[in-house]
Amino acid sequence: MTLLQLHEPGETPLPHEGEQTLAVGIDLGTTNSVIAFSALGKPEVLRDAAGSGLIPSVVAYTEHGPVVGSAAQARLVDAPETVVSSVKRLMGRGAADVKTLAGTLPYRFDAADGGMVRLLIGDRRLTPVEVSAEILRALKIQAEQHLGREVAKAVVTVPAYFDDAARLATKDAARLAGLEVLRLVNEPTAAALAYGLDKAAEGIYAVYDLGGGTFDISILRLEKGIFQVLATGGDAALGGDDFDHAIAEHWLADRRSELGSEPITASEAKQTLNSARSAKEALTQREAGDFPVMLHGKTTLHRLTRLALDKLIQPWVEKTIAICRQVVSDARLDLSEIQGVVLVGGSTRVPQVRRAVESFFGKPPLSDINPDEVVALGAALQAEALTQGSDTLLLDVLPLSLGIETMGGLVEKVVDRNTPIPVAKAQEFTTYQDGQAAMLVHVVQGERETVADCRSLARFVLAGIPPMTAGAARIRVTFQVDADGLLTVSAAEKTTGVEQRVEVKPSYGLSEEEMARILEESLEHGRADMERRLLIENRVEGQRVLLALQSALAADASMLDAGEAERIEKARLGLARAIEGEDRDRIKAAVEALEEAARPFAERRMDRAIRAGLAGHSIDEFKGDPGGCLAPDPEEEKL
Amino acid sequence: MPAAEPFCPTCKAVQPPGQADHFRRLGFARTFDLDRKLVERRYFELQRTLHPDRFAARSPKERALSQAQATSLNEAYEALMDPLKRASYLLKLSGIETGSDGKTVTDPALLMDAMEMREALAEARKPAEVDAVVAGARRDAEAAEAQLSRDFAAEDLEAAKTTTLRLTYLDKLIDDARARRLNVA
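Residues numbered from 1 in each chain as written. Chains lettered and ligands numbered in written order. Predicted model: local features only at pLDDT ≥ 70, side-chain atom pairs only at ≥ 80, totals over all residues.

### Overview of the overall build of chain A
Then comes step 1: Of regular secondary structure, chain A possesses 15 helices and 28 strands.
Then comes step 2: Here chain A holds 639 residues, and the buried ones make up 46% of them.
Then comes step 3: Partitioning the contacts of chain A with sequence separation of at least 6, the portion at a separation of at least 24 is 71%. (Helix = DSSP H or I, 4+ residues; strand = E, 2+ residues; numbered from the N terminus. Buried ≥ 20, exposed ≤ 12 C-beta atoms within 10 Å, placed from the backbone. Contact = placed C-beta atoms within 7 Å.)

### Digging into the sheet that holds strand S9 (residues 109-110) of chain A
All names here are of chain A.
Then comes step 1: Sheet architecture is open: 3 strands sit in the order S9-S10-S11, paired in antiparallel fashion. Looking at strand neighbours, the two that pair on one side only are S9 and strand S11 (124-126), the edges of this open sheet.
Then comes step 2: Sheet topology note: the S9/strand S10 (residues 118-121) ladder contains 2 bridges and is antiparallel. When the sheet's bridge partners are listed, Asp-110 is paired in S10 with Arg-118. (Pairing = 2+ DSSP bridges.)

### Side note on the domain arrangement of chain A
Residue and element names in this part refer to chain A.
Then comes step 1: Per the domain assignment, the segments of chain A are domain 1 (4-238 + 321-395), domain 2 (402-508) and domain 3 (532-615).
Then comes step 2: Contacts between the two partners involve 16 residues from domain 1, matched on the other side by 14 residues from domain 2.
Then comes step 3: For the side of domain 1 that touches domain 2, the secondary structure elements donating two or more residues are helix H4 (164-176), strand S13 (180-186) and strand S16 (226-235).
Then comes step 4: Considering every element that reaches the side of domain 1 that touches domain 2, the biggest residue donor is H4, with 4 residues.
Then comes step 5: Classifying every residue of the side of domain 1 that touches domain 2 gives 6 nonpolar, 4 polar and 6 charged. (Domains from an automatic or database assignment. Nonpolar A, V, L, I, M, F, W, Y, C, P; charged D, E, K, R; others polar.)

### Notes on the sheet that holds strand S19 (residues 340-344) of chain A
All names here are of chain A.
Then comes step 1: As summarised here, the arrangement of the 5 strands in space is S19-S14-S15-S16-S20, forming an open sheet in which the pairing is mixed. Edge positions in the open sheet fall to S19 and strand S20 (393-395), since each of these has one partner strand only. Neighbouring strand axes in the sheet, compared pairwise and without regard to direction, differ in orientation by 25 degrees on average.
Then comes step 2: Bridge analysis of strand S15 (residues 215-223) against S16 gives 9 bridges, and the strand direction is antiparallel. Paired with Ser-218 across the two strands is Thr-232, which belongs to S16.
Then comes step 3: Those strands touched by helix H9 (residues 306-330) are strand S14 (203-210), S15 and S16, and its axis lies near 140 degrees from that of S16. (Axes fitted to C-alpha atoms, helices over the stretch in contact; angles between N-to-C directions.)

### Focus: the nonpolar core
Then comes step 1: With 158 residues, the main nonpolar core has Val-24 and Ala-36 of chain A as its most contacted residues.
Then comes step 2: Beyond its immediate stretch of four places on either side in the chain, Ala-36 of chain A contacts Val-24, Gly-25, Pro-43, Glu-44, Val-45, Leu-46, Ala-376, Leu-377, Ala-379 and Ala-380 of chain A.
Then comes step 3: Counting residues in hydrophobic clusters, the runner-up holds 34 residues, among them Leu-65, Ala-68, Leu-73 and Leu-167 of chain B. (Core = buried A, V, L, I, M, F, W, Y, C linked by C-beta atoms within 7 Å.)

### A few points about the interface of chain B and chain A
For interface size, the figure often reported is the accessible area lost on association.
Then comes step 1: The interface is formed by 18 residues belonging to chain B together with 20 residues belonging to chain A.
Then comes step 2: Taken together, the elements giving at least two residues each to the side of chain B that touches chain A come down to helix H2 (36-50), helix H3 (60-81) and helix H7 (157-184) of chain B.
Then comes step 3: No other element matches the 6 residues that H3 of chain B contributes to the side of chain B that touches chain A.
Then comes step 4: Of the residues that constitute the side of chain B that touches chain A, the class distribution is 8 nonpolar, 5 polar and 5 charged.

### Examining helix H14 (residues 562-580) of chain A
Residue and element names in this part refer to chain A.
Then comes step 1: Across its 19 residues, H14 extends 27 Å between first and last C-alpha, which sits within 8% of the 27 Å expected from 1.5 Å per residue.
Then comes step 2: Three or more residues of H14 are buried, namely Ile-568, Ala-571, Arg-572, Leu-575, Ala-578 and Ile-579. When H14 is viewed along its axis, its buried side chains cluster within an angular range of 125 degrees and face the same direction. Facing away from the buried side of H14 by more than 90 degrees, the exposed set consists of Ala-562, Gly-563, Glu-566, Lys-570, Leu-573, Arg-577 and Glu-580. (Expected span 1.5 Å × (residues − 1). Arc of directions from axis to C-beta.)

### Let's talk about the packing of helix H6 (residues 127-153) of chain B against H7 of chain B
Residue and element names in this part refer to chain B.
Then comes step 1: At a closest axis distance of 9 Å, the pairing of H6 and H7 adopts a crossing angle of 160 degrees. Considering their axes alone, H6 and H7 lie roughly antiparallel with respect to each other. In this structure, H6 crosses over H7, and the sense of that crossing is left-handed. (Parallel < 35°, antiparallel > 145°, perpendicular 65-115°, else oblique. Left-handed = near helix turned anticlockwise from the far one by under 90°.)

### Details of the pairing of strand S22 (residues 410-415) of chain A
Residues and elements named next belong to chain A.
Then comes step 1: Bridge count between strand S21 (residues 402-406) and S22: 5 bridges; the pairing is antiparallel. Residue pairing across strands places Gly-403 opposite Lys-413, the latter belonging to S22.
Then comes step 2: Remark: 3 residues form the turn of the hairpin made by S21 and S22, two consecutive strands paired antiparallel; Gly-408 in that turn has positive phi of roughly 80 degrees.

### Remarks on H4 of chain A
Residues and elements named next belong to chain A.
Then comes step 1: With 13 residues, H4 should reach 18 Å at 1.5 Å per residue; the first-to-last C-alpha distance of 18 Å fits that figure.
Then comes step 2: Burial within H4 is extensive, with 12 of its 13 residues counted as buried.
Then comes step 3: Asp-164, Ala-165, Ala-166, Arg-167, Leu-168, Ala-169, Thr-170, Lys-171, Asp-172, Ala-173, Ala-174 and Leu-176 are the residues of H4 that are buried.
Then comes step 4: Downstream of H4 by a residue or two, Gly-178 has a phi angle that is positive, lying close to 80 degrees.

### Thoughts on the pairing of strand S12 (residues 151-158) of chain A
All names here are of chain A.
Then comes step 1: S12 sits mainly inside the fold: 7 of its 8 residues count as buried.
Then comes step 2: Summarising the sheet, strand S2 (residues 22-28) and S12 pair through 6 bridges and their orientation is parallel. Bridge pairing in S12 links Leu-22 to Val-151.
Then comes step 3: Where S12 lies against S13, 6 bridges are found, and the strand directions are parallel. If you follow Val-156 over to S13, its bridge partner there is Leu-184.
Then comes step 4: Handedness of the crossover joining S12 and S13 through H4: right-handed. (Right-handed = clockwise from strand over helix to strand, strands pointing away.)

### Regarding unusual backbone geometry
Then comes step 1: Note that the residue after Ile-421 of chain A, namely Pro-422 of chain A, is joined by a cis bond; omega there is 0 degrees.
Then comes step 2: In this structure, Pro-422 of chain A sits in the loop between S22 and strand S23 (423-429).
Then comes step 3: Within the chain, Asn-418 of chain A stands out as a residue other than glycine whose phi angle is a positive 70 degrees.
Then comes step 4: Take Asn-418 of chain A: it is sitting in the loop between S22 and S23.
Then comes step 5: Using a count of 20 C-beta atoms within 10 Å as the deciding quantity, one classes Asn-418 of chain A as buried.
Then comes step 6: You will see that Glu-155 of chain B, though not glycine, has its phi angle at about 55 degrees, which is positive.
Then comes step 7: Here Glu-155 of chain B is to be found in the loop between H6 and H7.
Then comes step 8: A residue is classified by how many C-beta atoms lie within 10 Å of it, and Glu-155 of chain B, with 9 of them, is exposed.

### With respect to the environment of Arg-221 of chain A
Residue and element names in this part refer to chain A.
Then comes step 1: Within the secondary structure, Arg-221 is located in strand S15.
Then comes step 2: For Arg-221, a count of 19 C-beta atoms within 10 Å gives the class partly exposed.
Then comes step 3: Considering only alpha carbons, one finds Arg-221 and Glu-566, 345 residues apart in sequence, at a separation of 66 Å.
Then comes step 4: Once residues lying within four places of it in the same chain are set aside, the contact partners of Arg-221 are Ile-204, Gln-228 and Leu-230.

### Structural notes on the packing of H9 of chain A against helix H10 (residues 351-361) of chain A
Each pair of packed helices gets described by two things: the angle between the helix axes and the distance between those axes.
Residue and element names in this part refer to chain A.
Then comes step 1: Taken N-terminus to C-terminus, the directions of H9 and H10 make an angle of 35 degrees; their axes are 10 Å apart at the nearest point. At the point where H9 passes H10, the crossing takes the right-handed sense. Contacts from Asp-310, Ile-313, Val-317, Ile-321 and Cys-324 in H9 reach Gln-352, Val-353, Ala-356 and Phe-360 in H10.

### As for the confidence of the model for chain B
Then comes step 1: Residues with a pLDDT of 70 or more make up 93% of chain B, whose mean pLDDT is 85.
Then comes step 2: Across the interface, the model reports ipTM at 0.88; the global pTM reads 0.79. (pLDDT = per-residue confidence, 0-100.)

Following this line, the structure appears as structure tokens:
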């Protein structure tokens, strides 16, 4: 894996003297993560040598230890069962939530116990918090390499629509990675900060943020350095992943007759989704293309046109627009009062999405700042503001109403959504039985009227209520939401002063003991310093290349002439030896040498595969979308 | 030291928010006649110095105090910014609970108006028709606000309560009409 380097290293001013550690901004995304650093109000994305600032949010658990990023992504082909991607969708989710996601996420889950879901990867049983911590740890190390200083603090962004459990899970992950979270900032708010400061924008703006796994829409007022969120909404499980899934389903339907009832494996599902993602990305630039799907050892090429893609993803795009409508209404605004709409998130590159946004808001959307990077830039600005001081201020809101369960499974709202945070609200409840000595307080989050339709955050018992007739006790429940959007609940019986305070943690969080255990383990193993990690990453990459070569030779050695075979063999031996050593630069050079030596061979094989793929189809199959019958059917999900 | 003074005048340390009412918190006299722009400006000015983001590098105690201060500011802003909430809050300070959600209407004159406007909204099919309902309701809401100003100036709290209920209803109608406008567009 290539090292990151600042885009223009000479331009990074030195931080203040005496400042021991640096604070960065991190956009921990579903598909990709981005780190940025800001000094003197100028945020910069930390990039690798190739100029890319996107680090795939993918972790591979190899025999040498975890690897993160493109090295992990590369292992999807050879060892997909060891690779975890899109883990953000599982943050703060319970075993029950996963049942509904089981169709969309190709993992094995341990759904045996309640509480936080566990992923089964090889012989390991991992929480999404630990997987996210692995990504954050890699980001931290890369930032340190880059900046040449310890990075101990960060502003980490979360989808505005993340509930309390998911926010807490994110904060826990950072803690495991050895990062102090200065603030959790909502992604659209961070984007507005970067955008507003860059463009000196004033007035009311909408930020439409469609990422890999989450959708947010926030409406903000920008005025003299104040970024005031007026209303926010979204869907924490709607994003580009759903587009990929729709495409993959479409292709699988093409091959259904041939596959029969035989289910595809999780690995095949991962690879098909990967190919679907490439198709989606390719079709942002082209009108049509042919894309490979490999199932049961056979590769077929599938034609996908822009038109067919638009139709496949239409249900999700419409859903985002319906949410926009609700949020504009929540902000008590007319569309004409909104001055501009800013696009954030990689999925806003899809032309159909842009069209829908433009048509709803009635103006062309703005995307001058790279939609993949703008959130991290805003987070970096906020990290600087929090550590060095600033004239700007973010005023955010609570995304989802908070309430408690009352008689009959109904929800009594205590704090309404879109209330500015920090906020504290209290409500009084009473007993419903004579002599009732204890009361169960069940805290929920969501907009629906019944507990069953809302998200359960925590339960606790207020005990020691003195004997009174039904309805006489006065139990005051106070909800306090801090500037990170995190909730603390306390309850007190007013006539006697019996009080209890709970951090809202239990339902889907890690317990303190679990955190302590994981921290201890990560310290033991994690001291393997960054050189070690980089060495491992290079070895893993080297092995991947060797394996790929081995299978190519096994199939097509006959395509080589003697001289070529000799050159490849020499380079192969060089790499095999380098991997055994401890010098990662040597491994890197050996990988490059082997790739160079094998390039003509690889190109010939590719040409042949494409011709073979085309030959396997009839002309009719290439006429594109026959129309009408491709809407994804949830009953048919096999992925 | 007055409770609404957020910083100690001598040592400049942030103080607990204390028990000041929402008007005093934002530095206003207790009156219905507030300029929204001014409320907003005061709120922003105070948040600029008191918000927890300004205390990220400070001691846990100062951070907690800043959170309490910012919480009180948000509460005051929410209560005073909107004329309806401001009227309800003024009545509450005088011991009168309005407590209406805009769904139950007892005033016969308001009931008649309400039915007519609801009907007009239900029948509106085109954006322009919904706009006409919104415009009508807005005019009525402005008239109700002007009436509230007179009610409070005359210290006629019973009248203020009736007018507040009327405004509650009109605001809800405007919200519903606005939502409908987005759907017919």
